[in-house]
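Here is how the chains run, residue by residue.
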Amino acid sequence: METSIKDSQSTLKSSSVWKDVTDDFMLATSDLQLGELLHDSSFGLFEAMSAIEMMDSKMDAGMMCNQIKRKVLTFEQSIEAGRVKITDVSCEDKLGIIDSTMACLVTWLEGHSLAQTVFTNLYLHNPYIIEDRVLKAFSICMLKIVDIIRMRINIASVFEEEDFQPMSYGFKMAFDLTETRCLGMMKEVEEELNKTLRSTRTKPGEERNEALEKEHNLTLALYTRIKFYRLFYSLLVLLAKEKVVIEGIPQVIKLLSQLDELIQSIQPTIQYGIQPSEREATKNDYPTIMGFEPLINQRLLPPTFPRYTVIKDRDESIVYIKQLIQHLNIVTSLPDVISLHTLIDMFIEFSKSSPCVLARSVLQLAVLPQNRRIYGSHTVIDFMKETIRNFIAPPALSTKCSLYNNSQAKDYVDALLNQGVRPIRNILEITGHNRARQRDKWAHILEELSNLQEEADKVDALLHGILVKTEPSRNHLACFGTWVLYHSLQAMIHYTLAGFELELYATYEYHYVYWYLYELLFAWLVSTLHRADNFLLENDMAADTSQKGRSNKKNKKKKRTKTLSKEINLAQAQQQMFGGYYKALVGFRLDNKLTVPSFEFDCEEVRYSHRFGPFVNVITPPVVYYSQYKEMSDLRRYEPGPTAIDMYDVSCKCFHQAKTLFESIPSPNEEVQSLMRIAKTNFVVMKLLVGGHKKESLVPPEFDFSQHRVYPIIKVI
Amino acid sequence: QQKTEETVTGKQKLQRWLNKRMKICMTDGRTLIGIFLCTDRDKNVILGSCEEYLKPPESEEKEEPRILGLAMIPGHHIVNISIDEHDKTVPYNLDMEVS
């Protein structure tokens, strides 16, 4: 379909001989019974279902009422009719055309089709016949920009149908012109415009000439735009280089800073270009300026229900571009990232800022270009090894250990790490998708991670067996296993927390969700991190003691370079938050402030099992079935049973502990600071409840997610 | 020969046309050309690989059709139907169902 739609051969073959069979047909069909279908056995109802119904306005985009009455002219026809100018184009016209094209570009990036956005600009259909040099250069440059963006987003493959439509409808995008030629053309017109700028500048001491000033300002607006698109294209070309992170970052930084400056100058001049006239927009026929025809590509669109694309406002579009440039800055912080965990954390943080599909794709490909090496240079395995060393220092990866040179041990380790490459790449990819789609993908990856974890445990056992023979004082238990478990748990946590972000859970579900996070997921995460940290401590020291003897006494108080204390504190803090929520909910239920739903056919076990369904595929940690949950959370285990006030009290302590832990994190980012405030607020609310505040009120408490989509502020009314 | 003509039922006539290229002119002036796949008593027709022409195919201007894929034309919107006599495709297997 891709390249052939526009040039499709008409099936009106000259060899067709049409025989009118209308009367015969009408007569023949009356032979059929009511409800009887006549068809070939290879055609079934399932296929019939997907047929579009003609003459139904909701499905038939070609119907008269869905068609616009006026005549739609092509680029060449419009030129001939004098409607579109390719020469003697005024500055205002050019500015308007450039800015409208930008708005179309942004609309495309927001998920609409090229046919209904960028290619509504007729100039782009055949830029070679444009005589105006500025417009010609810009049109060609825009085609190249669209082409490279489309290519990069396609390769990165972190988009879904709602994010992006890659189809190019067979439009030619100046393939025969090289990057260099295109950039050269832009530079030439830029320089011409610069000459005009110099000659229209008001010289000191001279009288102000309004007409000259206006010309100067318009030319300046044009100049900044041409420069912007030239540098933007250069940036995209640079970012497409395989080793951009290793070799190209200084240039990227320079380009981004120039682009940011240029956008600042362009923004206030958005009104300079010609604007579309004010008139009512109907069914895809919105008012435009010269050179734009919204309906030019109607026939190319796939036969679905009629789709109307509203082109984004120019002011909003420029804001979008500005934000895109800012998001692209993320690439400049990559050279400092040498740990996989830091990389994953960075990707997750980036994802939280809801970057557009282009920014996400650029980041993905900068880190994992097509040669499948990190930054185009390091193998994923090498990266993994370095990260695992810093996480848990397995003896098998330590150069100072006998295992390192044992060929059998090396084989085990290599095989395991090879198996780990795909899930690790998947984790990086998952974070590159739009946030709404990530939850499903986290669920999907759990089984593979669980299998990897089993494998890792086996490898650990084998390595341990080899190790104790040569170094009986050391062990190799649960090293790789712990590392994989860490990622497994993170995936489970992301899956669960995504449920809050997507607002999937009803309030009456919070109790088991918070319980699972508090008692299981984060409990395991904390103990996993502790185990890694302890192992790190032992083995870092073990590596040192195996060297010099005497200097050891002086080294005993040496500060640990490798530690997971920040991760541990963060995990514990989060665990306490969820504990606080869970206990508060138990208290609310005891106080009859929260009702359990009782709609027909509702079954809490079914809901619970559905929420945690993906965890069934995970071996470690084992899934907690509903019956176990009920048992473990049963208040009757306590003698005497706690009252609501007791629960508010323990909840209060949890929030307090969380606050303390958050405060211990060095250089907290915005999110941690926000969590600190939320913990503090909830602490106060629970304290008030302990004191009997609103004891009589049966109004259900509110969970306010305005400060954070996962950690609400509890409000008692 | 005339005798053989009379013994061909309506159903058989329709069956012979299955999987052949069919041209339908609709009440709004559009012409659809596609593979005849299904019909019923109410003369609703399903065409496969269907193309839509806005102008009658006899007109001078060469028109690029819009590709529709699978399309259903309600019987009451059909003005006339033609079959491509040069199309020698035969139905794969015949089946008549009561839905």
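Please read these numbers as outputs of a predicted model, since none were measured by experiment.

Residue and element names in this part refer to chain B. Most of strand E1 (residues 21–26) is tucked away, with six of its six residues classed as buried. Burial of E1 is two-sided: the residues Arg 21, Lys 23 and Cys 25 facing one way and the residues Met 22, Ile 24 and Met 26 facing the other way are all buried. For E1 and strand E2 (residues 31–40), the ladder comprises five bridges, and the chain directions are antiparallel. In the strand pairing of E2, Arg 21 is matched with Ile 35. Hairpin geometry of E1 and E2 is characterised by an intervening segment of four residues between the two adjacent antiparallel strands and by a positive phi of about 95° at Gly 29. In this sheet, strand E5 (residues 78–84) lies alongside E1 in antiparallel orientation, the contact comprising five bridges. Its bridge partner being in E5, Lys 23 is matched across the sheet by Ser 82.

Residue and element names in this part refer to chain B. Of the residues in chain B, 82% reach a pLDDT of 70 or more, and the chain-wide mean stands at 83. The least confident element of chain B, judged by mean pLDDT, is strand E6 (residues 94–98) at 50; the most confident is E1 at 95. At the level of chain-chain contacts, confidence expressed as ipTM amounts to 0.87, with global pTM at 0.85.

Time to look at the nonpolar core. Ranked by size, the top nonpolar core spans 214 residues in total, and within it Leu 334, Leu 343, Phe 480, Tyr 516 and Phe 578 of chain A carry the most contacts. Top contributing element to this core by residue count: helix H16 (residues 510–545) of chain A, with 17 residues. Core analysis: the second largest hydrophobic core is formed by 26 residues, Leu 14, Met 22, Val 45 and Cys 50 of chain B among them.

A separate point is the domain arrangement of chain A. One can read the domain layout of chain A as domain 1 (16–67), domain 2 (75–333), domain 3 (361–504) and domain 4 (510–546 + 556–717). The C-alpha centroid of domain 3 of chain A is placed 57 Å from the C-alpha centroid of domain 1 of chain A.

Note on strand geometry: in a regular strand, side chains alternate between the two faces of the sheet. A large share of strand E4 (residues 66–73) of chain B lies buried, amounting to six of its eight residues. With two bridges connecting them, strand E3 (residues 52–53) of chain A and E4 of chain B associate as parallel partners. Residue Ile 52 of chain A lies in a different strand from E4 of chain B, and its bridge partner there is Ala 71 of chain B. Across six bridges, strand E3 (residues 45–53) of chain B lies against E4 of chain B in antiparallel orientation. Bridged to Glu 52 of chain B within E4 of chain B is Arg 66 of chain B.

Quick look at the environment of Asn 406 of chain A now. Residues and elements named next belong to chain A. Its location among the elements puts Asn 406 in the loop between helix H12 (380–392) and helix H13 (407–430). Since its relative accessible area comes to 24%, Asn 406 is described here as partly exposed. Within polar-contact distance, the side chain of Asn 406 engages the backbone nitrogen of Gln 408 at 2.8 Å.

Turning our attention to the interface of chain A and chain B. With 49 residues of chain A at the contact, the number on the chain B side is 62 residues. Contact with chain B buries surface across chain A, with Trp 18, Leu 38 and Arg 299 of chain A losing the most and accounting together for 15% of the total. The interface formed by chain A and chain B holds four salt bridges in total. Arg 30 of chain B is the partner of Asp 60 of chain A in a salt bridge, and the nearest nitrogen-oxygen pair spans 2.5 Å. Taken together, chain A and chain B are joined by 15 residue pairs in polar contact (both at pLDDT 80 or more). Sorting the residues of the side of chain A that touches chain B by element identifies strand E1 (18–20), helix H1 (22–29), strand E2 (36–40), helix H2 (45–49) and E3 of chain A as the ones contributing at least two each.

Reading guide: rules and limits
- Residues numbered from 1 in each chain as written.
- Chains lettered and ligands numbered in written order.
- Predicted model: local features only at pLDDT ≥ 70, side-chain atom pairs only at ≥ 80, totals over all residues.
- Heavy atoms only, no water.
- Buried < 20%, exposed > 50% of the residue type's maximum accessible area, 1.4 Å probe, protein only.
- Helix = DSSP H or I, 4+ residues; strand = E, 2+ residues; numbered from the N terminus.
- Pairing = 2+ DSSP bridges.
- pLDDT = per-residue confidence, 0-100.
- Core = buried A, V, L, I, M, F, W, Y, C linked by side-chain atoms within 4.5 Å.
- Domains from an automatic or database assignment.
- Polar contact = N/O pair within 3.5 Å; in protein donor to acceptor, adjacent residues only side chain to side chain.
- Contact = heavy atoms within 4.5 Å.
- Buried area = accessible area lost by both parts, 1.4 Å probe.
- Salt bridge = Lys/Arg side-chain N within 4 Å of Asp/Glu carboxyl O.

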